[in-house]
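# Structural overview
These are the residues of each chain, in order.
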Amino acid sequence: RMPTGERYAFVVDWLDPQAQLVRQYLLFYYSNDQTVEMDDIKNRRKFLKRCEYPGVRFENLFVGGTVNIYSRDLTITDYGDEFTRNALQKKMEKTLAIVKPDAMLKIGKILDAIARDGFRVARMRSLRLTRSDAQQFYAEHQGKPFYDQLTDFMSSGTIIAMELVADGAIQKWRKLIGPTNTFTAQQEAPSSLRALYGTDGTRNACHGSDSSASAQREISFFFEQPGRFASSARLSNCSLCIIKPHAFNQNLFGQIIDAIIEDGFEISAIQLFNMTRVNAEEFLEVYKSVLPEFNRMAEELCNGPCLAMEVRAENVVPALRELAGPHDPELARLLRPKTIRAQVLFHSHSSFTCCPSLVLIPRAFSLPSPFPRPVWCRQGHECRPRDGPARGRPARGGVFLPNPAVKLYQFSTK
């Protein structure tokens with residue numbers, strides 16, 4: 001819950017794409033009227049006068065989080081004063097959560113439970129651990145009877161690692177997942193995630209950090225070592241699905257993912273990322289002369305976190321577009337009332353109508369490797385368009401919008 005009448009200060013970094021320099025600012029957030037203000041730390045001057053900016057949400061203001069203000073992707077690196085630190089450090093506690101291989105078909109339901117319990121997903125990625133990776137992660141359990149079985153299981157398939165933020169996140173997450181042993185959880189906490197989706201003491205659906213020190217180490221293990229882990233993307237019979245920021249911020253991502261899985265699709269790779277305006281326009285370039293709402297679409301993509309997924313099935317592109325429904329949700333409600341855009345949109349919040357589509361599904365998509373290093377990645381990756389249009393057939397069910405071919409990208413490391 002957001003406090004009222006307070007001013008919070010944060011140190012933020014912005015990578016200047018022209019100068020290739022990281023510039024540092026003080027970002028002020030006023031909770032009484034949701035306004036923001038910025039000071040240039042190096043030059044000791046006002047950078048942005050106090051103004052309203054609805055795209056900045058209080059729950060996104062934590063160390064390690066990202067906010068976008070006037071097309072600048074700002075990373076919060078520290079608290080700006082002691083008041084902010086004392087007020088938010090505990091409330092913005094972080095923990096690591098893992099969805100284990102046995103619960104991958106339940107990720108939609110698990111993510112929905114996470115959202116409903118008040119957590120903020122700060123980072124998320126799917127990956128595959130090698131046995132060596134699993135042994136290093138669970139090194140504290142080495143020598144225990146279940147160690148070999150646990151490391152074999154954790155390296156047997158795709159997992160999803162998440163950094164969760166909430167007031168008292170560590171204990172709150174452990175309470176939500178329940179006791180370690182599934183059978184114990186079914187007796188003592190029957191509504192917990194392990195009770196609902198686990199199998200036994202090892203195949204127990206979820207993992208959670210047990211202390212602040214463990215959380216810091218585990219988050220660093222998964223998110224501070226770029227390129228270490230193998231991609232979970234299959235790069236065959238696949239399409240891209242993006243859950244847009246307004247759907248993510250309204251905690252609808254779990255419901256959307258669950259609908260996709262329930263319809264028979266496989267989600268083989270997933271990652272959370274943020275986009276700048278330039279990146280969004282480049283990504284949507286083929287729609288620029290086709291859709292009159294192009295500018296609103298680009299603005300929406302850089303208004304917060306986007307959740308990108310590799311979705312697999314036979315004939316996946318038309319099938320996934322049919323499940324999503326027409327681009328305009330009003331037409332979806334009238335013509336295709338059982339589609340995601342019709343059901344999730346009109347049963348949630350009316351403000352979504354200002355940017356109509358909950359999900360974005362290009363006509364065809366070639367996933368980067370490792371997934372999903374996008375064109376705007378700061379870790380030294382770049383992309384080059386590959387000649388030739390994307391292949392694919394028109395969507396079934398009479399989707400009314402034209403679907404121009406989308407360029408395929410091949411990604412390389414500098």
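Since we're looking at a predicted model, the values are computed, not measured.

### Topic: the overall build of the chain
Check the secondary structure of the chain and you find 15 helices and 16 strands. Across the 414 residues of the chain, 53% fall into the buried class. Long-range contacts, defined here as pairs at least 24 residues apart, represent 70% of the contacts in the chain between residues at least 6 apart.

### Side note on the packing of aromatic side chains
Enumeration over the complete set of coordinates arrives at 14 aromatic pairs. Relative to Phe221, the ring of Phe137 lies with its centre 5.3 Å away and its plane at 50°, an arrangement referred to as tilted. Of the two residues, Phe137 is situated in helix H3 (residues 131–137) and Phe221 in helix H8 (residues 212–223); the sequence distance between them amounts to 84 residues. Each member of the pair Phe137 and Phe221 is classed as buried. The structure contains a cluster of three or more aromatic residues connected by ring pairs, namely Phe137, Tyr138, Phe221, Phe222 and Phe229. Residue placement shows Arg50 over the ring face of Tyr30; its charged tip is 3.6 Å from the ring centre.

### Some details on the environment of Gln20
Examined against the element boundaries, Gln20 turns out to sit in the loop between strand E1 (7–16) and strand E2 (21–30). Assessed through its relative accessible area of 56%, Gln20 is described here as exposed. At a separation of 3.0 Å, a polar atom in the side chain of Gln20 contacts the main-chain carbonyl oxygen of Pro17.

### Quick word on the environment of Trp14
You can see Trp14 is positioned in strand E1. With a relative accessible area of 12%, Trp14 lands in the buried category. Sequence separation between Trp14 and Gln24 is 10 residues; the distance between their C-alpha atoms is 6.4 Å. Those residues within four positions of Trp14 in sequence are excluded, and the remaining contacts are Leu21, Val22, Arg23, Tyr25, Arg72, Asp73 and Leu74.

### A closer look at the nonpolar core
Core analysis: the largest hydrophobic core is formed by 49 residues, its most contacted members being Ile114, Trp173, Ile257 and Ile260. By residue number, the principal contributor to this core is helix H2 (residues 107–116), which donates 6 residues. If near-sequence neighbours (up to four positions away) are discounted, Ile260 is found in contact with Cys241, Phe265, Ile267, Met309, Val311, Leu323 and Ile340. Counting residues in each nonpolar core, the second largest holds 24 residues, with Cys51, Val56, Leu61 and Leu88 among its members.

### Examining the sheet that holds strand E3 (residues 35–40)
In spatial order, the strands read E4-E3-E2-E1-E6-E5; together these 6 strands make up an open sheet with antiparallel pairing. Both edges of this open sheet fall to strand E4 (45–52) and strand E5 (66–69), since each of them pairs with a single strand only. Averaged over all adjacent pairs, the angle separating strand axes in this sheet is 30°, with direction ignored. One ladder, built from 6 bridges, connects E2 with E3; its direction is antiparallel. What sits directly across from Leu27, in E3, is Met38.

### Some details on the side chain of Thr339
Mapped onto the elements, Thr339 comes out in the loop between helix H14 (329–335) and helix H15 (340–346). Relative accessible area serves as the criterion here: at 5%, Thr339 is assigned to the buried category. Reaching out from Thr339, the side chain makes a polar contact with the backbone oxygen of Arg336 at a distance of 2.8 Å. Filtering out sequence-adjacent residues up to four positions away, Thr339 remains in contact with Glu322, Leu323, Ala324, Gly325 and Ala332.

### Considerations on H2
Burial runs high along H2: 8 of the 10 residues are buried. Those residues of H2 not exposed but buried are Ile107, Gly108, Ile110, Leu111, Asp112, Ala113, Ile114 and Ala115. Looking one or two residues past H2, Gly118 carries a phi angle of roughly 95°, positive in sign.

### Considerations on the confidence of the model for the chain
Per-residue pLDDT for the chain averages 81, and the proportion of residues at 70 or more is 82%. Between residues 346–357, whose pLDDT stays under 50, and residues either more than four places distant or in other chains, the model counts 24 contacts. The low-confidence segment residues 363–414, where pLDDT is below 50, has 107 contacts with residues more than four positions distant or belonging to other chains.

### Overview of the pattern of salt bridges
Counted under the stated rule, the structure contains 23 salt bridges. A salt bridge links Asp33 to Arg50; the nearest nitrogen and oxygen atoms lie 3.1 Å apart. Here Asp33 is found in the loop between E2 and E3, whereas its partner Arg50 is found in strand E4, with 17 residues between them in sequence. We classify Arg50 as partly exposed; its relative accessible area is 40%.

### What to know about the state of the cysteines
In protein structure, a disulfide is the covalent linkage between the sulfur atoms of two cysteines. If you walk through the whole model with that rule in mind, you get 0 disulfides. We note that Cys306 lacks a disulfide partner, and the nearest cysteine sulfur, in Cys302, lies 8.6 Å from it. We classify Cys306 as buried; its relative accessible area is 0%.

Parameters at a glance
- Residues numbered from 1 in each chain as written.
- Predicted model: local features only at pLDDT ≥ 70, side-chain atom pairs only at ≥ 80, totals over all residues.
- Heavy atoms only, no water.
- Helix = DSSP H or I, 4+ residues; strand = E, 2+ residues; numbered from the N terminus.
- Buried < 20%, exposed > 50% of the residue type's maximum accessible area, 1.4 Å probe, protein only.
- Contact = heavy atoms within 4.5 Å.
- Phe/Tyr/Trp six-rings, centres within 6.5 Å; stacked < 30°, edge-to-face > 60°.
- Lys NZ or Arg CZ within 6 Å of the ring centre and 35° of its normal.
- Polar contact = N/O pair within 3.5 Å; in protein donor to acceptor, adjacent residues only side chain to side chain.
- Core = buried A, V, L, I, M, F, W, Y, C linked by side-chain atoms within 4.5 Å.
- Pairing = 2+ DSSP bridges.
- Axes fitted to C-alpha atoms, helices over the stretch in contact; angles between N-to-C directions.
- pLDDT = per-residue confidence, 0-100.
- Salt bridge = Lys/Arg side-chain N within 4 Å of Asp/Glu carboxyl O.
- Disulfide = S-S within 2.5 Å.

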